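Take a look at the letters that make up each chain.
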Amino acid sequence: MKKLNYYMTLPYTIDVVYEKSGKAPPYVARILELPGCIAQGRSHNEAVRELRDAQALFIEAMLESHVPIPEPAYTSEATVTKVTCAFSIPESHLTTSPPATSRLVPA
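Residues numbered from 1 in each chain as written. Predicted model: local features only at pLDDT ≥ 70, side-chain atom pairs only at ≥ 80, totals over all residues. Heavy atoms only, no water.

**Student:** With reference to specific residues and values, describe the side chain of threonine 13.
**Tutor:** Mapped onto the secondary structure, threonine 13 falls in the loop between α1 (4-8) and β1 (14-19). Taking relative accessible area as the criterion, threonine 13 reaches 17% and is therefore assigned buried. Reaching out from threonine 13, the side chain makes a polar contact with the side chain of glutamate 33 at a distance of 2.8 Å. (Helix = DSSP H or I, 4+ residues; strand = E, 2+ residues; numbered from the N terminus. Buried < 20%, exposed > 50% of the residue type's maximum accessible area, 1.4 Å probe, protein only. Polar contact = N/O pair within 3.5 Å; in protein donor to acceptor, adjacent residues only side chain to side chain.)

Below, the structure is given as structure tokens:
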């Protein structure tokens with residue numbers, strides 16, 4: 001039987017979404033291969049740190065319950081992180097001028 005440490009070293013896919021709504025922390029992180037494994041944070045890094053804690057608890061519960069634990073299909077050494085931003089812009093802030101462009105460059 002595989003142990004917690006084995007699963008914690010696998011390159012699961014982490015999805016981080018920025019959603020500002022109310023007083024809740026705006027960054028929501030989840031592991032795509034582990035449905036229901038979710039955490040929030042005030043920054044991208046905090047959300048991912050919280051998610052790692054949630055991942056350990058999530059996997060421990062699955063191990064104790066003898067539930068099969070999905071492993072990532074992507075097996076490289078690096079974990080893929082996808083960042084998505086979701087927000088609304090008030091109509092009064094919209095203009096007819098062309099939008100400024102920006103580009104995320106991988107580290």
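**Student:** Talk me through the pattern of salt bridges; I want residue IDs and the actual numbers.
**Tutor:** In total, this model carries 2 salt bridges according to the counting rule given. Glutamate 71 is the salt-bridge partner of lysine 2, the closest N and O atoms lying 2.8 Å from each other. Pair noted here: lysine 2 is in the segment before α1 and glutamate 71 is in the loop between α2 (44-64) and β4 (81-86), with a separation of 69 residues, a long-range link. In this structure glutamate 71 comes out as partly exposed when scored by relative accessible area, which is 33%. (Salt bridge = Lys/Arg side-chain N within 4 Å of Asp/Glu carboxyl O.)

**Student:** Describe the confidence of the model for the protein chain, naming the residues involved and giving the relevant values.
**Tutor:** Mean pLDDT for the protein chain: 78, with 68% of residues reaching 70 or above. At the level of individual helices and strands, the protein chain shows its lowest average pLDDT in β4, which scores 50, and its highest in α2, which scores 96. (pLDDT = per-residue confidence, 0-100.)

**Student:** Explain the nonpolar core to me, using residue names and the numbers behind them.
**Tutor:** Judged by nonpolar contacts, the single largest core of 18 residues is most densely connected at Tyr7, Tyr12, Ile31, Leu34, Leu51, Ile59 and Ile69. Listed by contribution, the elements that provide at least two residues to this core are α1, β1, β2 (27-31) and α2. The biggest single contributor to this core is α2, with 6 residues. (Core = buried A, V, L, I, M, F, W, Y, C linked by side-chain atoms within 4.5 Å.)

**Student:** Tell me what's going on with the environment of glutamate 50, and back it up with residues and numbers.
**Tutor:** Looking at the element boundaries, glutamate 50 is found in helix α2. For the pair glutamate 50 and alanine 39, spaced 11 residues apart in the sequence, the C-alpha separation amounts to 5.7 Å. Excluding its chain neighbours within four sequence positions, the residues that come into contact with glutamate 50 are Ala39 and Gln40. (Contact = heavy atoms within 4.5 Å.)

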